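So you can see what is in the structure, the chains are spelled out below.
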Amino acid sequence: MTRLGQWFFRNMHEEPVVMWSLIIGTAGVVFPIVIPPIRETFAAPKNTQPLQPMKVAKALSGKQ
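Remember, predicted model here, so these are calculated numbers, not experimental data.

> Please set out the overall build of the chain residue by residue, giving values where relevant.
Summing up its helical and strand segments, the chain has 3 helices and 0 strands in all. What you see in the chain, going N to C, is helices and strands ordered as α-α-α. Here the chain, with 64 residues, has 5% of them falling under the buried criterion. Carbon together with sulfur atoms contributes 68% to the accessible area of the chain, which is approximately 6200 Å² in total.

> Before we move on, could you go through the pattern of salt bridges and cite the residues and values that matter?
In total, this model carries 1 salt bridge according to the counting rule given. Residue Arg 10 is joined to Glu 14 by a salt bridge in which the shortest nitrogen-to-oxygen separation is 3.8 Å. Placement of the pair is Arg 10 and Glu 14 together in helix α1 (residues 3-14), with a separation of 4 residues, close to one helical turn. Of the residues examined, Arg 10 reaches a relative accessible area of 43% and is grouped as partly exposed. For Glu 14, a relative accessible area of 49% corresponds to the partly exposed category.

> Before we move on, can you summarise the packing of aromatic side chains with the specific residues and values?
Taken as a whole and judged by the stated rule, the model has 1 aromatic pair. Judged by centre distance (5.6 Å) and plane angle (75°), the rings of Phe 8 and Phe 9 are edge-to-face. Here Phe 8 falls in the partly exposed class, since its relative accessible area comes to 31%.

> Can you lay out a nonpolar patch on the surface for me, pointing to particular residues and giving the numbers?
A cluster of nonpolar residues, Val 29, Val 30, Phe 31, Ile 33, Val 34, Ile 35, Ile 38 and Phe 42, forms a patch on the protein surface that exposes about 780 Å² of accessible area. Residue position: Phe 42 is located in helix α2 (residues 16-42). A relative accessible area of 71% places Phe 42 in the exposed class.

Scoring rules and cut-offs
Once a new chain begins, its residue numbering starts again from 1 and follows that chain's sequence as written. For this predicted model, a pLDDT threshold of at least 70 governs which residues receive local features, and a threshold of 80 or more governs which side-chain atom pairs are given and counted, while totals over whole chains, interfaces and linings are taken from all residues. With hydrogens and water stripped out, all remaining heavy atoms of the structure feed into the side-chain values. The helix count covers DSSP runs of H or I at least four residues long, the strand count covers runs of E at least two residues long, and both are numbered beginning at the N terminus. Each residue is placed in one exposure class: buried if its accessible area under a 1.4 Å probe, protein chains only, is under 20% of its type's maximum, exposed if it is over 50%, and partly exposed if it falls in between. For accessible areas, the Shrake-Rupley method is used with a probe of radius 1.4 Å. Any residue's cover is judged against the shown protein chains and nothing else. By convention in these notes, a salt bridge is any Lys or Arg side-chain nitrogen within 4 Å of a carboxyl oxygen on Asp or Glu. A pair of aromatic rings is counted whenever rings of Phe, Tyr or Trp (Trp by its six-membered ring) have centres within 6.5 Å, and the orientation is called stacked for planes under 30 degrees apart, edge-to-face for over 60 and tilted otherwise. Surface patches are drawn from residues lacking salt bridges whose relative accessible area is over 30%; two like charges belong together within 9 Å, two nonpolar side chains (Val, Leu, Ile, Met, Phe, Trp, Tyr) within 5 Å.

Next up, the structure:
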């Protein structure tokens, strides 16, 4: 096992609160950088219009 792995497991055993704080803090910094490009890749096209309430109500009531 690498020295980094040994350090991680030893500290996770001895100081779990500190290690979890580091993990959550790192995720808080990394997620805003990583998630938006992924969201843009899988998101719906941006030129779509939101549904209008009256059209939805007419469609649900069966009246055209």
